[in-house]
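Per-entry structural report
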Amino acid sequence: MSVVEWIVVAVMLVGLIGIVIPVLPGLLLIVGGVALWATEQQSPAGWWVLGLTVALYAACLVLEFLIPGKRMRKAGVKTSTLLIGVLVAIPCAIVIPVLGAFIGFPLGIFLVELSRRGGRAQAWAATKHALKAVGLNILIEFLTAVLIIGLWVAALIFWT
């Protein structure tokens, strides 16, 4: 394997971590790694893999919008609620290392929904909907990443 291919492997590993722990744009890093490899390859196989990668990425974005987004809207959870959850997660991550973000994100969602809906039961139901949507989003991105990485590995084995 070339140096560029090792760099792409490292970028893809960081991308997978970024999908599971949504701090980095994980899937975008993986697409960027494939783009770097295709640019270095300068071969028809490299361009095909990059084209298929971009198509998979676009399909992932559509799925993320349609499936979890639709469910959240149906439950009455706004996108701004998730943003506030992220904003609460940041200081919690600083105050409580390792687990703070995982505590702060749902806490922020719950507090926003509590102020919007007035009751704890309704706020908790909305929080659960939001967390399920985020989990489904992560699953969609992770499966797309596995497909892209599998495509790239297949190209390495069979076409280079």
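So, here's what we can say about the structure.

Calculation rules
- Residues numbered from 1 in each chain as written.
- Predicted model: local features only at pLDDT ≥ 70, side-chain atom pairs only at ≥ 80, totals over all residues.
- Heavy atoms only, no water.
- Helix = DSSP H or I, 4+ residues; strand = E, 2+ residues; numbered from the N terminus.
- Expected span 1.5 Å × (residues − 1).
- Buried < 20%, exposed > 50% of the residue type's maximum accessible area, 1.4 Å probe, protein only.
- Arc of directions from axis to C-beta.
- Contact = heavy atoms within 4.5 Å.
- Salt bridge = Lys/Arg side-chain N within 4 Å of Asp/Glu carboxyl O.
- Phe/Tyr/Trp six-rings, centres within 6.5 Å; stacked < 30°, edge-to-face > 60°.

With 18 residues, helix α1 (residues 3-20) extends 26 Å from end C-alpha to end C-alpha; this agrees with the ideal 26 Å at 1.5 Å per step. Along α1, the residues that are buried comprise E5, V8, M12, G15, L16, G18 and I19. Burial along α1 is one-sided: seen end-on, the buried residues are contained in an arc of 155 degrees. Turned more than 90 degrees off the buried face of α1, the exposed positions are V3, W6, L13 and I17. On its buried face, α1 is in contact with α2 (26-41) and α6 (120-159).

What follows covers unusual backbone geometry. For Q42, which is not a glycine, the phi torsion comes out positive at approximately 50 degrees. Relative to the helices and strands, Q42 is located in the loop between α2 and α3 (44-75). Look at Q42 and you get exposed, because its relative accessible area is 54%.

This paragraph deals with the pattern of salt bridges. A complete count under the given rule lists two salt bridges for this structure. Residues E113 and R116 are paired through a salt bridge, measuring 2.9 Å at the closest nitrogen-oxygen approach. A residue pair is termed a helical-turn pair when its members lie 3 or 4 positions apart in one helix, as E113 and R116 do in helix α5 (residues 100-117) at three residues. We classify E113 as buried; its relative accessible area is 0%. When its relative accessible area of 39% is taken as the criterion, R116 is described as partly exposed.

A word on the packing of aromatic side chains. As enumerated under the stated definition, the model contains two aromatic pairs in all. Geometrically, the ring pair formed by W37 and W152 is edge-to-face, given 6.3 Å between the ring centres and 85 degrees between the ring planes. Of the two residues, W37 sits in helix α2 while W152 sits in helix α6, which places them 115 residues apart along the sequence. For the pair formed by W37 and W152, the shared burial category is buried. Ring geometry for F110 versus W124: centroids 6.4 Å apart, planes at 65 degrees, classification edge-to-face. With F110 in helix α5 and W124 in helix α6, this residue pair connects regions lying 14 residues apart in the sequence.

Geometry only, nothing functional implied.
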